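# Geometric and topological summary
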Amino acid sequence: KPTRRGLGLRVAALHPPVHRVMPLAAIDETVTVGVGSSPEHSVHLPPMRFAGNRHDIPTSTTLTRFERGLFGVRWVHEIPHDGAVITITKTVHLIDGHNTCAIKYGCSSEGVPVRLALRPLIRLDGHHTLRLADDQSRIRARQTQAGCIVTDRQLGISLSSEHAAFSCDQTWYRGLYYALEAD
């Protein structure tokens with residue numbers, strides 16, 4: 001998971017080895033356990049924070065394992081809840097020879113209702129560029145049958161899922177900072 005502003009989930013060279021862009025900087029992941037019951041609680045997985053108490057959710061200390069291999073890389077989180085352990089896995093696989101990555105989430109919840117909210121931090125810009133709030137007017141998002149497509153002039157990223165709902169909020173990231181950069 002990116003822990004600093006200059007790191008990302010995917011950096012692509014449009015004209016190798018130059019013109020590097022970061023289409024996907026990070027994914028803000030919030031797991032809500034015990035959905036619709038009591039007690040229901042949320043855990044924020046990545047090391048990001050939001051200023052002004054907009055997202056007053058504790059950051060996860062649930063990361064139990066990090067693995068890498070031919071499958072890609074995998075983060076495993078274990079969240080205790082009422083005597084049960086909910087396991088959330090995130091696997092990232094880079095597709096060789098393509099500017100593509102596949103991100104897969106898995107959940108073992110022992111019958112406990114779980115909701116995983118994912119909010120992608122899409123940059124579509126040079127990986128060292130710091131995008132300002134005023135720059136967001138170029139970004140366009142449109143819903144598709146399986147997810148959404150986000151574009152910025154000639155660059156674009158497609159997000160899809162078999163079990164997702166899409167909600168467009170181009171300002172959710174406001175107040176975002178990385179915990180390590182704040183120290």
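Quick look at the structure, then. (Residues numbered from 1 in each chain as written. Predicted model: local features only at pLDDT ≥ 70, side-chain atom pairs only at ≥ 80, totals over all residues. Heavy atoms only, no water.)

Looking only at helices and strands, the chain features one helix and 13 strands. Helices (α) and strands (β) of the chain occur, in sequence order from the N terminus, as β-β-β-β-β-β-β-β-β-β-β-β-β-α. Residue burial in the chain is summarised as follows: out of 183 residues, 33% are buried. Counting contacts in the chain only where the partners sit at least 6 residues apart, residues at least 24 apart contribute 48% of the total. Accessible area of the chain: about 10,900 Å², with a carbon and sulfur share of 52%. (Helix = DSSP H or I, 4+ residues; strand = E, 2+ residues; numbered from the N terminus. Buried < 20%, exposed > 50% of the residue type's maximum accessible area, 1.4 Å probe, protein only. Contact = heavy atoms within 4.5 Å. Areas by Shrake-Rupley, 256 points an atom, 1.4 Å probe, with all protein chains shown as cover.)

What follows concerns the sheet that holds strand β10 (residues 139–143). Strand order in the open sheet formed by three strands is β10-β11-β12, with antiparallel pairing between adjacent strands. Every other strand in the sheet has two partners, leaving β10 and β12 (155–160) as the edge strands with one partner each. Taken pair by pair, the neighbouring strands of this sheet meet at an average axis angle of 15°, ignoring direction. Looking at chain direction, strand β11 (residues 147–152) and β12 are connected through six bridges and run antiparallel. Among the inter-strand pairings, Asp 152 is bridged to a residue of β12, identified as Leu 155. (Pairing = 2+ DSSP bridges. Axes fitted to C-alpha atoms, helices over the stretch in contact; angles between N-to-C directions.)

Right, let's talk about the sheet that holds strand β7 (residues 84–94) for a bit. One open sheet accounts for four strands, arranged β5-β6-β7-β8; its pairing is antiparallel. Each end of this open sheet is capped by a strand with a single partner; those strands are β5 (63–69) and β8 (101–108). Shown here is a sheet whose adjacent strand axes are inclined to one another by a mean of 15°, direction ignored. Strand direction decides the pairing type here: strand β6 (residues 72–81) and β7, joined by nine bridges, are antiparallel. Bridge pairing in β7 places Val 73 opposite Val 92.

Another point: the environment of Cys 101. Of note, Cys 101 is situated in strand β8. Cys 101 gets classed as partly exposed once you look at its relative accessible area, which sits at 22%. Expressed as a C-alpha distance, the spacing of Cys 101 and Leu 24, which sit 77 residues apart in the sequence, is 9.6 Å.

Once that is clear, we can look at the packing of aromatic side chains. Within this structure, the stated rule accounts for one aromatic pair. Here the guanidinium or amino end of Lys 90 rests over the ring plane of Trp 75, the centre of that ring lying 5.2 Å away. (Phe/Tyr/Trp six-rings, centres within 6.5 Å; stacked < 30°, edge-to-face > 60°. Lys NZ or Arg CZ within 6 Å of the ring centre and 35° of its normal.)

Bringing the pattern of salt bridges into the picture now. Summed over all chains, the structure comprises four salt bridges. One salt bridge connects Asp 28 with Arg 119, and the closest N-O pair in it is separated by 2.5 Å. With Asp 28 in strand β2 (residues 18–33) and Arg 119 in strand β9 (residues 114–126), this residue pair connects regions lying 91 residues apart in the sequence. Between Glu 29 and Lys 90 there is a salt bridge; the shortest N-O distance is 3.0 Å. With Glu 29 in strand β2 and Lys 90 in strand β7, the pair connects residues that are 61 residues apart, well separated along the chain. (Salt bridge = Lys/Arg side-chain N within 4 Å of Asp/Glu carboxyl O.)

Moving on: the nonpolar core. Residues Ala 12, Val 21, Leu 24, Ile 27, Ile 122, Leu 124, Ile 139, Cys 148, Val 150, Leu 155 and Ile 157 constitute the largest nonpolar core, which totals 11 residues. Counting nine residues, the second largest nonpolar core, distinct from the first, contains Val 43, Ala 84, Ile 86 and Val 112. (Core = buried A, V, L, I, M, F, W, Y, C linked by side-chain atoms within 4.5 Å.)

With respect to the secondary-structure elements, Ala 102 resides in strand β8. What makes Ala 102 partly exposed here is its relative accessible area of 38%. Non-local contacts of Ala 102, meaning those with residues more than four positions away in its chain, are made with Thr 91, Val 92 and His 93.

Here β6 hands over to β7 after two residues, with Asp 82 in that stretch at a positive phi of 45°. Both β7 and β8 contribute to a ladder of eight bridges, which runs antiparallel. Looking at β8, one finds that Ile 88 is bridged to Cys 107. A loop of six residues connects β7 with β8, the two strands running antiparallel in sequence, and Gly 97 in this loop sits at a positive phi of about 80°.

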